[in-house]
Amino acid sequence: MIRRNCSLFAAFVILLGLHAAPAFAVNPDEMLADPKLEERARDISQELRCLVCQNQSIDDSDADLARDLRILVRERLVAGDSNEEVIDYIVERYGDYVLLNPPLKPETYILWISPAVLAFLALIAVIAFYRRKQREDGAGPKSLSAQEQKRLDEILGTSQDHS
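This structure is a prediction, so every number in the text was calculated from the model and none was measured.

Enquirer: Account for the overall build of the protein chain, with residues named and values stated.
Expert: Scanning the protein chain from N- to C-terminus turns up 6 helices and 0 strands. Moving toward the C terminus, one meets the helices and strands of the protein chain in the order α-α-α-α-α-α. Sorting the 163 residues of the protein chain into buried and exposed places 21% on the buried side.

Enquirer: Describe the side chain of D81, listing the residues and the values that go with them.
Expert: Its place among the elements puts D81 in the loop between α3 (64-78) and α4 (83-94). Only 2.7 Å separates the side chain of D81 from the side chain of R76, close enough to count as a polar contact.

Enquirer: Would you mind going over the packing of aromatic side chains in detail, with residue names and values included?
Expert: Evaluated as defined, the whole model comprises 1 aromatic pair. A centroid spacing of 5.2 Å and a plane angle of 75° characterise the contact between F129 and Y130, whose relative ring orientation is edge-to-face. The exposure class of F129 is partly exposed, given its relative accessible area of 42%. Judged by relative accessible area, which is 51%, Y130 ranks as exposed. Lying across the ring of Y97, R49 places its NZ or CZ 4.6 Å from the centre. The ring of Y89 has R76 sitting right over it, with the charged end atom 4.0 Å from the ring centre.

Enquirer: Requested: an account of the UniProt feature "transmembrane region" (unreviewed entry) in the protein chain, with residues and values cited.
Expert: UniProt feature "transmembrane region" (unreviewed entry): in the numbering of this structure it lies at residues 109-130. For residues 109-130, the end-to-end C-alpha separation is 32 Å, with 100% helix and 0% strand making up the annotated structure.

Enquirer: Describe a nonpolar patch on the surface, and please don't skip the residues or the numbers.
Expert: Residues L104, Y109, W112, I113, V117, L118, F120, L121, L123, I124 and I127 make up a contiguous nonpolar surface patch of about 1100 Å² in total accessible area. Note on placement: I124 falls in helix α5 (residues 109-138). Residue I124 is classed as partly exposed on the basis of its relative accessible area, which comes to 42%.

Enquirer: How would you sum up the packing of α3 against α4? Please name residues and give values.
Expert: Viewed as axis vectors pointing N to C, α3 and α4 meet at an angle of 140°, and their least axial separation amounts to 9 Å. Relative to α4, the element α3 is oriented oblique. Relative to α4, α3 is oriented so that their crossing is right-handed. Residue-level contacts link L65, L69, L72, V73, R76 and L77 of α3 to N83, V86, Y89, I90, R93 and Y94 of α4. Its residues assigned to classes, the contact of α3 with α4 comprises 9 nonpolar, 1 polar and 2 charged.

Parameters at a glance
Residues numbered from 1 in each chain as written. Predicted model: local features only at pLDDT ≥ 70, side-chain atom pairs only at ≥ 80, totals over all residues. Heavy atoms only, no water. Helix = DSSP H or I, 4+ residues; strand = E, 2+ residues; numbered from the N terminus. Buried < 20%, exposed > 50% of the residue type's maximum accessible area, 1.4 Å probe, protein only. Polar contact = N/O pair within 3.5 Å; in protein donor to acceptor, adjacent residues only side chain to side chain. Phe/Tyr/Trp six-rings, centres within 6.5 Å; stacked < 30°, edge-to-face > 60°. Lys NZ or Arg CZ within 6 Å of the ring centre and 35° of its normal. UniProt positions renumbered as here; feature names shortened; annotations may be inferred. Patch = residues over 30% accessible without salt bridge, like charges linked within 9 Å, V, L, I, M, F, W, Y side chains within 5 Å. Areas by Shrake-Rupley, 256 points an atom, 1.4 Å probe, with all protein chains shown as cover. Salt bridge = Lys/Arg side-chain N within 4 Å of Asp/Glu carboxyl O. Axes fitted to C-alpha atoms, helices over the stretch in contact; angles between N-to-C directions. Parallel < 35°, antiparallel > 145°, perpendicular 65-115°, else oblique. Left-handed = near helix turned anticlockwise from the far one by under 90°. Contact = heavy atoms within 4.5 Å. Nonpolar A, V, L, I, M, F, W, Y, C, P; charged D, E, K, R; others polar.

Structure follows, in C-alpha cells:
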C-alpha cells in the first residue's frame with residue numbers, strides 16, 4: 001500500500017513538473033510600471049540570446065550579463081525606441097550571435113550550417129560503428145584448439161575423435 005502511494009506521489013510530481021510554466025529570470029526591480037512597455041520588453045527579451053548561457057533567452061537566464069541586457073532593453077524602450085530599434089542597438093553592440101534566430105548572411109553561415117555538419121558527422125560515426133560491429137560479428141566463432149577440445153570433452157564426459 002505504501003509502495004503504491006509513493007508511486008502515485010512520484011507520478012503526480014512528475015506530471016506537475018511537466019506542466020509547470022517556464023520560470024522567467026526577470027526580477028521585480030527590473031520590471032517596468034507600464035504593462036504595455038513591459039510586454040514589449042518581454043517579447044524582445046525572448047528574441048535575444050544570453051551570451052553566457054548561449055542556449056537561453058535573456059528573459060530565461062539568471063546570468064549577470066542577461067540581467068544587464070534586460071535592463072538595457074527596458075531603458076531603450078522607455079527612451080522611445082521601437083522594438084526593431086532596440087534589437088538593432090543590441091545587435092550593433094554584440095553582433096548577430098546575440099539573436100536566437102540570426103539572419104542568414106555570410107557572417108552567420110557558420111551558425112546555420114554547423115548543426116547540419118554535426119548531424120552529418122554523427123551519422124558517419126554511427127555508420128562506421130555498425131560496419132565495424134558487422135565485421136567483428138561476421139568473423140564467426142574461432143575453432144577450438146585440440147587441447148581446448150580435449151578439455152571440453154573431458155568436462156562433458158564425451159570422448160570423440162576430433163581429427
